[in-house]
Amino acid sequence: MSIKKTLRYIHMYLGLITGIVVFIVAVTGCLWVFQEEFTREDSHIYDSMDHLHSVTPSQAASMAKTAIPNQTIHGTKYGKPNQPVEVIFYDADPLFYQSVYLDPVNGQIVTTKDHTSGFFAFVLKGHMFLWMGRELGSSIVQYSTLIFTIILVTGIVLWWPKKKKNRGQRFKFKWKPTTGWKRKNFDIHSILGFYVSFLAIIIAFSGLIMAFNWVYYITYKSWGGQNAPQFIIPNNSTSTAFDNKPEPIDSLVPKLAAEYVDYEYIELHYPASDTASIYIEINTSKGTYYDSDYRFFDQYTGEEIETTSIYGKYQNASIADKVIRMNYDIHVGAIGGLAGKIIAFFVSLTIASLPVSGFLLWYGRKFKSKKKTNQ
């Protein structure tokens, strides 16, 4: 059996095995691309608030706890001055993810939001674990994505013609009025598949980086990474609070807001223990996350603490650090702005069509061979 024939069988049967999963993940992925643009519209109801934020993180936590008293506060997010203060509650097991929005001046509760319900929450659950149990569903998605990457590589090899002069015929549709649906389906599968294959590999591989720790680690090290690739919250410089001194947590947001004049949001995370520092994410680019600054402060003195992690100040990030930090924005196309998201949308939509056209190819050949046998 020739190498190409072997690859054709591998390509075909792996495609049949993972086709439904790839279809679901691709369709939900293309829908998720624009979730920020749609959900961001929720904030227009607060446009009348044109005051500077005066509610402090301590006050925000206290007020939000009256609405959700028995859950863990993940952090408090300060957007533009005309936006509400968002107190985020998050627990991983069992999953609890809700936000309480406060008036930025007096801290009164404006509204609450459950991030685990609604259309885009439904889409994300499908994309990440097929609306199944989280552990089983995520494993199926992870390994199907790994197999799909192999399918893409074998598809490129199968598409590539032996003779250079025949290559041009593979780039465009040459349909006649007499061209049958099987030929059209083959062209759709092979030509569209080739056009999106390289971008599809990037999207799939960026998904693998998020799915598998070993892919994440190897990718980072292959780019020459020297720092800790994990997100590390350093411990305090001091061990106990000073008597008669206010805790500095409420002074940090105004200080950073003055430093980052054009910030999109400042998200403060409360210390998880007596020894943990306060960490704050400062985002300055609308729609992306990779270039955010992560700053850490002693919860007792307010002294800034440096981190050995890749998640520190963006200006200090190496090339390897940036590759990993850009990964999510690459995955959803946000790295290229609105144009990048549009490209990611259509690439994902085309990916969703490949299992369908591939199945029709397999079915057409199988049906044809059965018909000949019966004759």
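Cut-offs used in this document
Residues numbered from 1 in each chain as written. Predicted model: local features only at pLDDT ≥ 70, side-chain atom pairs only at ≥ 80, totals over all residues. Heavy atoms only, no water. Helix = DSSP H or I, 4+ residues; strand = E, 2+ residues; numbered from the N terminus. Buried < 20%, exposed > 50% of the residue type's maximum accessible area, 1.4 Å probe, protein only. Areas by Shrake-Rupley, 256 points an atom, 1.4 Å probe, with all protein chains shown as cover. Pairing = 2+ DSSP bridges. Patch = residues over 30% accessible without salt bridge, like charges linked within 9 Å, V, L, I, M, F, W, Y side chains within 5 Å. Salt bridge = Lys/Arg side-chain N within 4 Å of Asp/Glu carboxyl O. 1 Å grid on protein atoms, 1.4 Å probe; cavity = no way out; pocket = protein on both sides within 12 Å on 5 of 7 lines; lining within 4 Å. Points joined across faces, edges and corners; volume = space filled by probe spheres on them. Nonpolar A, V, L, I, M, F, W, Y, C, P; charged D, E, K, R; others polar.

**With respect to the overall build of the protein**
The helix and strand inventory of the protein stands at 11 helices and 8 strands. The buried share of the protein, taken over its 375 residues, is 43%. Total accessible area computed for the protein in this model is approximately 21000 Å², and 61% of it derives from carbon and sulfur atoms.

**Points about the pairing of strand β2 (residues 85–91)**
Residues in a regular strand point their side chains to alternate faces of the sheet. Here β2 lies mainly inside the structure; 5 of its 7 residues are buried. Strand direction decides the pairing type here: strand β1 (residues 73–78) and β2, joined by 5 bridges, are antiparallel. Note that in β2 the partner of Tyr-78 across the bridge is Val-85. Where β1 hands over to β2, the hairpin turn is made up of 6 residues, counted between the paired strands. Pairing of β2 with strand β3 (residues 96–102), which is carried by 7 bridges, proceeds in the antiparallel orientation. Residue Tyr-90 lies in a different strand from β3, and its bridge partner there is Tyr-97. The hairpin formed by β2 and β3 contains 4 residues between the paired strands.

**Considerations on a nonpolar patch on the surface**
A cluster of nonpolar residues, Tyr-9, Tyr-13, Leu-16, Phe-23, Trp-181, Val-356, Phe-359, Leu-360 and Tyr-363, forms a patch on the protein surface that exposes about 840 Å² of accessible area. Along the chain, Val-356 turns up in helix α11 (residues 337–374).

**Re the layout of surface pockets**
Approximately 790 Å³ is the volume attributed to the second largest pocket. Lining the second largest pocket are 32 residues, and of these His-11, His-189, Leu-354, Gly-358 and Leu-361 lie nearest its centre. Elements supplying a minimum of two residues to the lining of the second largest pocket: α1 (3–32), α5 (134–159), α6 (181–211) and α11. Element by element, the count of residues in the lining of the second largest pocket is highest for α1, at 10 residues. Split by residue class, the lining of the second largest pocket holds 19 nonpolar, 10 polar and 3 charged.

**What to know about the environment of Gly-15**
Secondary-structure assignment places Gly-15 in helix α1. Judged by relative accessible area, which is 23%, Gly-15 ranks as partly exposed. As a C-alpha pair, Gly-15 and Leu-152 span 137 residues in sequence and 9.7 Å in three-dimensional space.

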